[in-house]
Amino acid sequence: MSNTECQSVRISSEPVQLQALEPMLEKVREAVGDVPALLAIAKEIGLTAPKPGEGNTAKLWELLASVTGVDVAAGRVLEPHLDAVAILEQAGNHNHPEGVWGVFAAEGPGLKLEAKRDDAGNYVLNGSKPWCSLAAQLDGAVITAHTEDNNRAAFAVHLKDPGVSCETPPWTSRGLQEIPSGTVHFGQVPATPVGGENWYFKRPGFAWGGMGVAACWLGGAVAVARDFKTALAKGADNGREPDQIALASLGEVDRIITSVTGYLAQAAERIDAGELDSGADTNGPSAWSEALRIRGTVAAAVERVQTVVTQNLGPAPLAFNETYGKRMADLSLYIRQHHAMRDDAQLGGLTLKGDRTW
């Protein structure tokens, strides 16, 4: 790999400030494909990483984007652990969780995870939860479950409990092969409430975490853009100057990356200033509507960058460049966490109610 593959992704920091990330990014580069090593790195980073809304949100997003820029799967390992740590902090648990944690909040047809109190008044979980990435290798998770009042609440769960069993189906995708997601089954598993009922979804941190995922997507797009620039420069060094189409494409990629990066910088500043700390059920601009805008904008930017770059570079790097091919496959799968037009429909509903700035 070249040195550019351990280069930080800048959102608002000065370049000299980002140099501090380089030793950690080199460790990530050396651990690509080694999930236990990536989990150990995530645990180490989690001890000191900024948390959203505490004055250094842009630095948190730069960290997430930079790690994903080195390897998309590494960002996919790091992001949920940092999110879990932040969620527990937001709920008032200031003790750092032991080990590496995930966040499992997906729902699936025919599957339901229920939280009920036992005879001693403590919560236990029964049922199944889909899309639990790396559950068999994690120590714990913040997980959502249906309560007896038919609400959804968050709970902290230790995944090494004997009542937890992890089902990992065959992972046929070429993307994120190190991080298969399967269904986890729970049988009388003790669980500790995190916040109150419905707190998990109504807190502004839910939206902030969604924006953090978008920062990861941005990091992947920046890495693809750097692949493109490097390929054009290498061609020029070998006497093959880029034509007008290639230069126009690089210019478009630059516009996209620059505008999206500026949008994230502005959003991070607003979060830290307390301007995005209201839920979607309030009047006026909410954190969740801004999260929907950012996630949709970044997802569209990623897809456009991938299209422009692959059209220009053709099939050869996809077929023969392992790093580039892996990045493209990983990133294509990762951004499918965005729900596309369904998220836009949700944003349109909020906009119709007056949750807009225009």
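Please refer to the structure higher up on the page.
Presented here is a report on the structure given in the accompanying data block. It should be emphasised that the depicted structure is a prediction, and the values quoted were computed from it without experimental measurement.

### Concerning the environment of proline 180
Alright, step 1. Residue placement: proline 180 occurs in the loop between strand S6 (164-167) and strand S7 (181-190).
Alright, step 2. Taking C-alpha positions, proline 180 is 5.9 Å from serine 133, a pair spaced 47 residues apart along the chain.
Alright, step 3. Residues contacting proline 180, with those up to four places away along its chain left out, are Cys132, Ser133, Leu134, Thr168 and Trp171.

### Regarding empty space enclosed by the protein
Alright, step 1. Overall, the coordinates contain two cavities of 30 Å³ or more when judged by the stated rule.
Alright, step 2. The calculated volume of the largest cavity comes to roughly 130 Å³.
Alright, step 3. Lining the largest cavity are 16 residues; nearest its centre among them are Pro52, Leu60, Leu82, Asp83 and Ala86.
Alright, step 4. The set of elements that each furnish at least two residues to the lining of the largest cavity consists of helix H4 (57-70), helix H5 (72-90) and helix H7 (204-237).
Alright, step 5. For the lining of the largest cavity, the per-class residue count stands at ten nonpolar, three polar and three charged.
Alright, step 6. In this structure, the second largest cavity occupies an estimated 40 Å³ of space.
Alright, step 7. Lining the second largest cavity, in full, are Val28, Leu38, Ile41, Ala42, Ile45, Val67, Ala74, Val77 and Leu78.
Alright, step 8. When contributions to the lining of the second largest cavity are tallied by element, the ones reaching two or more residues are helix H3 (35-46) and H5.

### Considerations on the pairing of strand S1 (residues 101-104)
Alright, step 1. Burial along S1 is two-sided: Trp101 and Val103 and Gly102 and Phe104, pointing in opposite directions, are all buried.
Alright, step 2. One ladder, built from four bridges, connects S1 with strand S4 (residues 140-146); its direction is parallel. In the strand pairing of S4, glycine 102 is matched with alanine 141.

### Some words on the pattern of salt bridges
Alright, step 1. As enumerated under the stated definition, the model contains 14 salt bridges in all.
Alright, step 2. Lysine 129 is the partner of glutamate 107 in a salt bridge, and the nearest nitrogen-oxygen pair spans 2.9 Å. Taken together, the residues span a long stretch of sequence, with glutamate 107 in the loop between S1 and strand S2 (113-117) and lysine 129 in strand S3 (residues 123-133) at a distance of 22 residues.
Alright, step 3. Of the residues examined, lysine 129 reaches a relative accessible area of 1% and is grouped as buried.
Alright, step 4. Note that lysine 112 is salt-bridged to glutamate 114, the shortest N-O span being 3.9 Å.
Alright, step 5. Exposure remark for glutamate 114: the relative accessible area of 30% places this residue in the partly exposed category.
Alright, step 6. One salt-bridge network, held together by shared partners, links Asp71, Glu178, Lys326 and Asp330.

### Regarding helix H9 (residues 287-313)
For the α-helix, the turn length of 3.6 residues means that residues three or four positions removed from each other point alike.
Alright, step 1. For H9, built from 27 residues, the straight-helix expectation of 39 Å at 1.5 Å per residue is met to within 8% by its first-to-last C-alpha distance of 38 Å.
Alright, step 2. Of the residues one or two after H9, glycine 314 is the one with positive phi, at around 75 degrees.

Reading guide: rules and limits
Residues numbered from 1 in each chain as written. Predicted model: local features only at pLDDT ≥ 70, side-chain atom pairs only at ≥ 80, totals over all residues. Heavy atoms only, no water. Helix = DSSP H or I, 4+ residues; strand = E, 2+ residues; numbered from the N terminus. Contact = heavy atoms within 4.5 Å. 1 Å grid on protein atoms, 1.4 Å probe; cavity = no way out; pocket = protein on both sides within 12 Å on 5 of 7 lines; lining within 4 Å. Points joined across faces, edges and corners; volume = space filled by probe spheres on them. Nonpolar A, V, L, I, M, F, W, Y, C, P; charged D, E, K, R; others polar. Buried < 20%, exposed > 50% of the residue type's maximum accessible area, 1.4 Å probe, protein only. Pairing = 2+ DSSP bridges. Salt bridge = Lys/Arg side-chain N within 4 Å of Asp/Glu carboxyl O. Expected span 1.5 Å × (residues − 1).

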